[in-house]
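# Structural overview for review
Residues per chain, in single letters:
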Amino acid sequence: MKKLAIIGRPNVGKSSLFNRLLKQRDAITSEQAGTTRDVKKRVAVVVDKEVEILDTGGLDEGCELFDRIKEKSLKAAHEADIILFMVDGKSLPEEEDKKLFYELESMGKAIALVVNKIDNDKMQEKLWEYYEFGTERIFGISVSHNRSVLPLLNWIASELPESSIVTPESDVVADEDEMDGFDAAMRASADDEEFDEDEDDGFFIPEEDGEEEETSIEALEEAYRGIVKEYEAGDVNQMKVAIIGRVNVGKSSLLNALLGEDRSVVSSVAGTTIDPIDETVEYQEKKITFIDTAGIRKRGKILGIEKYALMRTEEMLETADIALLVLDASQPFMDLDEKIAGFVDKNRLACLIVLNKWDMAPREDYDKIIAEVRDRFKFLSYAPIITISAQSKQRVHKIFEMLLKINENYSQRISTGKLNEVIQAAMRKHILPSINGMNIRLYFATQYDIRPPRIALIMNKPQGLHFSYRRYLTNQLREQFDFEGTPVLFKAKAKNTNRKPKPHKTRSMW
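Predicted model only: the values in this text are computed from it and were never measured. (Residues numbered from 1 in each chain as written. Predicted model: local features only at pLDDT ≥ 70, side-chain atom pairs only at ≥ 80, totals over all residues. Heavy atoms only, no water.)

## Description of the overall build of the protein chain
Looking only at helices and strands, the protein chain has 14 helices and 15 strands in total. The burial tally for the protein chain puts 51% of its 510 residues in the buried class. The contacts of the protein chain with a sequence gap of at least 6 include a subset with a gap of at least 24, amounting to 71%. Here the protein chain has roughly 25200 Å² of accessible surface; of this, 46% comes from carbon and sulfur atoms. (Helix = DSSP H or I, 4+ residues; strand = E, 2+ residues; numbered from the N terminus. Buried < 20%, exposed > 50% of the residue type's maximum accessible area, 1.4 Å probe, protein only. Contact = heavy atoms within 4.5 Å. Areas by Shrake-Rupley, 256 points an atom, 1.4 Å probe, with all protein chains shown as cover.)

Laid out in structure tokens, this is it:
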């Protein structure tokens, strides 16, 4: 696939054009110069032809951060097949712009001069001044007003090979009842109350009228077989791994170490990464997409575009599978670290805790540091811990093996028979406590989803499942099955009917 790089000095509208070509607001845009820092890559369709677009940071100098941004941008230009050099049409042509344009033109690639912010006919007259660049491929546009963009799109398409034409796929009409989760299959006839913190509702087995009728485990299993969500092998072999943590803990350095290249801009400036950057690698026939997210500060210290960065980070976490929670082992842990870890718990992600900068941590305090992590992050007790140094690449390679193992556990499905055996044994050790004098019965357990594993407990009184007993069952499952790195979620549901049947007896399977 051909690559198209959008190059130019800061604040000329590169990210706005990037979003326009994608037909969605992907890159963060603002009037602040230097908003884009890393190279953002996305595939877009331009006049029915596919092209990979590279949104780059502004070509500027003056400090360590800007020098690194410029280096990355010029590297993207070398990788690209087509270059759009953007300038600000509201100002006069500058010698620095000409110098940069000639430097890019000398690469021998298809290049066009894009003069942005030509918002009206009066501004159109300024376009003539840019012909002194010595190129005929000049496009005066206004990205914000979507003015005169079509000729530019046609030129881009003319530079793309015919083989990149997108073949339209047949439309697939989704069933209106098709939803995620086990409750979707029962949504139309659901009529029970919600007793736990999850959003799902409607989960029951209809029972026939009859005296002294009993429901067997076979009938229960058959009734719930239809709500088990199936995954294809390709889905399980792909994982999105979000790298999260507060500012300056080494997230971008870790991404570069994992990829074996300088993909993300790294500098001593806190909050260098603004837009989440993703890169996909293949490892042992698995596709791993790493997402370098913006560092998170305390809400009171979030300034300007960082609030957009936080929003994008939260959006990325909603679609991620595994989180690499990066902590700075060379410094005391902070309350902010715990709040960031809360995003992992909130989004039900699998997790690997990464203690970075271990080469700067006191070696004799290993047990003390590990104990503190376990104490501070009790809600991530399932997450394994690895100590690394992203800068020296110490033990970074072990992360891949750990991610594969975590993904296997995250995608694990336990057979109904084995699951009920473990639950039965657990109940023998500690019976379900009664509630207000009423006996609590657990009829049946089944795993209805993976990534993460989700288990339904069918009960006569779902509200009677205390959180402490839920935690006890989780621990019992972890003792019998390898769920390291992944949360295990329980949902208590009533075995109900959508009408009032005649009196009957229901026998507990245990």
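## Notes on the pairing of strand S10 (residues 322–328)
Burial of S10 is extensive: seven of the seven residues sit out of reach of the surface. Because side chains alternate across S10, one face comprises the buried residues Ile322, Leu324, Val326 and Asp328, and the other comprises Ala323, Leu325 and Leu327, equally buried. Strand direction decides the pairing type here: strand S7 (residues 238–244) and S10, joined by four bridges, are parallel. Its bridge partner lying in S10, Ile243 is registered against Leu324. This β-α-β element, S10 to helix H10 (residues 335–346) to strand S11 (residues 350–356), shows right-handed connectivity. (Pairing = 2+ DSSP bridges. Right-handed = clockwise from strand over helix to strand, strands pointing away.)

## Here we look at the nonpolar core
Membership of the largest hydrophobic core comes to 28 residues, with the highest contact counts inside it found for Leu254, Leu258, Phe290, Leu324 and Ile399. Counting only elements with at least two residues in this core, the list comes to S7, helix H8 (251–259), strand S9 (286–292), S10, S11 and helix H12 (398–410). No other element matches H12, which puts six residues into this core. If we skip the residues at most four places from it in the chain, Leu258 touches Ile243, Phe290, Leu324, Val396, Ile399 and Phe400. In terms of nonpolar packing, the next biggest core, distinct from the first, is built from 27 residues, Ala242, Cys351, Trp358 and Ile370 among them. (Core = buried A, V, L, I, M, F, W, Y, C linked by side-chain atoms within 4.5 Å.)

## Quick look at the sheet that holds S11
Each strand in a sheet pairs with another by means of backbone hydrogen bonds, the pair being arranged parallel or else antiparallel. The six strands lie next to each other as S8-S9-S7-S10-S11-S12, forming an open sheet whose pairing is mixed. Every interior strand has two partners, whereas the edge strands, strand S8 (277–283) and strand S12 (385–387), have only one. With strand direction ignored, the average angle separating the axes of adjacent strands in the sheet is 25°. Pairing of S10 with S11 involves seven bridges; the strand directions are parallel. What sits directly across from Leu325, in S11, is Ile353. Of the strands in this sheet, S7, S8, S9, S10 and S11 are in contact with H8, which crosses S9 at around 155°. (Axes fitted to C-alpha atoms, helices over the stretch in contact; angles between N-to-C directions.)

## Some remarks on unusual backbone geometry
Backbone torsion omega between Arg451 and Pro452 reads 0°, so that peptide bond is classified as cis. Located in the positive-phi region is Gln284, a residue other than glycine, with phi close to 50°. The exposure class assigned to Gln284 is partly exposed, which follows from its relative accessible area of 49%.

## A look at the packing of aromatic side chains
All chains considered together, the criterion is met by twelve aromatic pairs. Measuring from ring centre to ring centre gives 5.6 Å for Phe101 and Phe133, while their planes differ by 85°; the resulting arrangement is edge-to-face. Note that Phe101 is positioned in helix H3 (residues 95–105) and Phe133 in the loop between helix H4 (121–124) and strand S6 (138–140), a separation of 32 residues in sequence. Classification of Phe133 as buried rests on a relative accessible area of 2%. Between Phe481 and Phe483 the ring centres are 6.3 Å apart and the planes differ by 70°, which places this aromatic pair in the edge-to-face class. Judged by its relative accessible area of 13%, Phe481 is buried. Looking at Phe483, the relative accessible area reads 2%, which means it is buried. (Phe/Tyr/Trp six-rings, centres within 6.5 Å; stacked < 30°, edge-to-face > 60°.)

## Side note on H3
What H3 keeps buried is the set Asp97, Lys98, Leu100, Phe101 and Leu104. The arc that holds the buried residues of H3, viewed along the axis, is 165°, so those residues lie on one side. Residues of H3 that are exposed and point more than 90 degrees away from the buried face comprise Glu95 and Lys99. (Arc of directions from axis to C-beta.)

## Digging into the side chain of Asp97
Note on placement: Asp97 falls in helix H3. Contact partners of Asp97, with chain neighbours within four places excluded, come to Arg9, Phe85, Val87 and Phe133.

## Regarding the pattern of salt bridges
Applying the stated criterion to the full structure yields 17 salt bridges. Note that Lys41 and Glu279 form a salt bridge whose closest N and O atoms lie 4.0 Å from each other. One end of the pair, Lys41, is in strand S2 (residues 40–46); the other, Glu279, is in strand S8, with 238 residues separating them in the sequence. In this structure, Lys90 engages Asp119 in a salt bridge whose closest nitrogen and oxygen atoms are separated by 3.9 Å. Linking Lys90 in the loop between strand S4 (82–88) and H3 with Asp119 in the loop between strand S5 (110–116) and H4, this pair joins segments that are 29 residues apart in sequence. For Lys90, a relative accessible area of 49% corresponds to the partly exposed category. A cluster of three or more residues bridged by salt bridges with shared partners is formed by Asp335, Glu338, Glu372 and Arg376. (Salt bridge = Lys/Arg side-chain N within 4 Å of Asp/Glu carboxyl O.)

## A short note on the confidence of the model for the protein chain
Looking at the protein chain as a whole, its pLDDT mean stands at 77, while 72% of the residues score no less than 70. Counted against residues more than four places away or in other chains, residues 169–215, with its pLDDT under 50, gives 96 contacts. Confidence drops under a pLDDT of 50 for residues 497–510, and excluding neighbours within four residues, the segment shows 44 contacts in the predicted structure. (pLDDT = per-residue confidence, 0-100.)

## Side note on the packing of helix H13 (residues 416–429) against helix H14 (residues 467–480)
Two numbers describe how H13 lies on H14: the axes approach to 10 Å, and their chain directions differ by 125°. Viewed along their axes, H13 and H14 adopt a mutual orientation that is oblique. As H13 packs across H14, the resulting crossing turns out to be right-handed. Where H13 abuts H14, its residues Leu419, Val422, Ile423, Ala426, Met427 and Lys429 lie against Tyr469, Tyr472, Leu473, Gln476, Leu477 and Gln480. Within the contact of H13 with H14, the residues separate by chemical class into nine nonpolar, two polar and one charged. (Parallel < 35°, antiparallel > 145°, perpendicular 65-115°, else oblique. Left-handed = near helix turned anticlockwise from the far one by under 90°. Nonpolar A, V, L, I, M, F, W, Y, C, P; charged D, E, K, R; others polar.)

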